[in-house]
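# Per-entry structural report
Each chain is listed here by its residues.
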Amino acid sequence: MLDSLVDFKGQQLKIVVLTGAGISAESGLKTFRDNNGLWENHSVEEVATPEGFRRNPELVYRFYNQRRRQLLSPEVKPNRAHLALAKLESCFKNNFTLITQNVDNLHQRAGNVNVLHMHGDLLSARCLGSGQSSALRTDLDSSNRCQCCSPPNYLRPDIVWFGEMPKYMQQIEDTLSEANLFVSIGTSGTVYPAAGFVNLANQSGAHSVELNLEPSSGENAFTEKHYGPATEIVSNFVDSLIEGFKID
C-alpha cells in the first residue's frame, strides 16, 4: 500500500503521525463541531475561548463534563485504527511520534506511548495560577481547586481553546524536521497549525501520506493518498509498512 516503500530501503525510518477527529469517529465519539460550526449547539465563542470561560465558567465546565463522561462510557473503546498505530509504534519504538489534535485518550488505551496532545486532554485539569496540569476523571466545576498553589487556585479544562497556543509546538517542529515519513489520518486540513504540518514535513524531504475518509483541504500537498474508513485504510497501511520492512 505504501507507494514509495523502496525509497526508504537502507534508511532508518522516522515516522510522524498526525491524527484528527476522523480516527475516533468509529469509536463512537461525536466530533465537537457540526456542519454549522456549532459545538454541541453552542457557539465556539461560548465554550472554546478564554473569554467564554470568563463570561460563563459553569457553562464551559458542563460542556466538557459531558464530553468527559462520553469518553469514559463503556461504549467508547479504541478501534482497529488506534490499535494499528499502537502496533506501528511497538515496531519502530523511539523512531515513532504520534501527534494528535484529539483530546481523548484512545491512543493511549490502544497502547501508544509517545503521544503529543497538541490541543489538550479531556482527562486533565489545569491550574489557573501555575498552569500545572493534573489528571481528572470526574466532573469539574468552580468548587474544585488545585493542589499546587497556596492558597489553592481555580481549575479549568486542560483544553487548548481558540486564541491559545497549541502545546508542544517546538517539539513537534523538531520532530517533523527529522521525519522521512509523515502520515496524516482523519483530519480536515483546515485547522492550523496542524494543517501546515505536511508542508513542514515536505520541506524536510519526508514522504507524506494522507489517510482519510475523503480528500482533505490540503490533499494536494501529499505525495500519497488513500481514502476510506479509518479502521480499514489505517490497518492496511500499517500492515503494508511493517511487511515491507520485514519487522517481526
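Above this note sits the structure.
Going along each chain's sequence as written, the residues are numbered from 1 onward. Under the rules for a predicted model, residues below a pLDDT of 70 receive no local features and side-chain atom pairs below 80 are neither given nor counted, while totals for whole chains, interfaces and linings still include all residues. In computing side-chain values, all of the structure's heavy atoms are included and hydrogens and water are not.

Bringing the overall build of the protein chain into the picture now. For the purposes of this entry, the term helix denotes a DSSP run of H or I that reaches at least four residues, the term strand denotes a run of E that reaches at least two, and both are numbered from the N terminus. When helices and strands are tallied, the protein chain shows eight helices and nine strands. A radius of gyration in this sense is built from C-alpha atoms; the matching globule rule multiplies 2.2 Å by the number of residues raised to 0.38. Here the C-alpha atoms of the protein chain give a radius of gyration of 19 Å, agreeing with the 18 Å that 2.2 N^0.38 yields for 248 residues. Structurally, the protein chain occupies a C-alpha span of about 60 × 40 × 35 Å along its principal axes. By definition in these notes, contact holds between two residues if any of their heavy atoms fall within 4.5 Å. In the protein chain, 68% of the contacts between residues at least 6 apart in sequence involve partners at least 24 apart. As displayed, the protein chain offers around 11,900 Å² of accessible surface, 47% of which is attributable to carbon and sulfur atoms. His residues and chain termini do not enter the charge count, which takes Lys and Arg as positive and Asp and Glu as negative. A charge is said to be at NZ when it belongs to Lys, at CZ for Arg, at CG for Asp and at CD for Glu. Taking the 22 positively charged and 28 negatively charged side chains of the protein chain as two groups, their mean positions are separated by 6 Å. Every accessible area reported is derived by Shrake-Rupley at a probe size of 1.4 Å, with residue values counting cover from the shown protein chains alone.

On to the nonpolar core, then. One finds Ile15, Leu85, Leu88, Phe92, Val234 and Leu241 to be the most contacted residues of the largest nonpolar core, which totals 26 residues. Those elements that provide at least two residues to this core are strand 1 (15–19), helix 4 (80–92), strand 2 (96–100), strand 7 (181–185), strand 8 (207–212) and helix 8 (230–244). Here the element with the most residues in this core is helix 8; it accounts for seven residues. Other than its neighbours up to four places away in sequence, Ile15 contacts Leu88, Phe92, Asn95, Phe96, Thr97, Leu181 and Leu241. Residue types Ala, Val, Leu, Ile, Met, Phe, Trp, Tyr and Cys, when buried and joined through side-chain atoms within 4.5 Å, form a set referred to as a nonpolar core. Three exposure classes are used, based on accessible area relative to the maximum for each residue type with a 1.4 Å probe and protein chains only: buried under 20%, partly exposed in between, and exposed over 50%.

The residue Val76 is located in the loop between helix 3 (57–72) and helix 4 in this model. Taking the C-alpha atoms as reference points, Val76 and Arg55, 21 residues apart in sequence, are found 32 Å from one another. With residues up to four places along the chain from it excluded, the contact list for Val76 reads Ser27, Leu29, Gln70, Leu71, Leu106 and Arg109.

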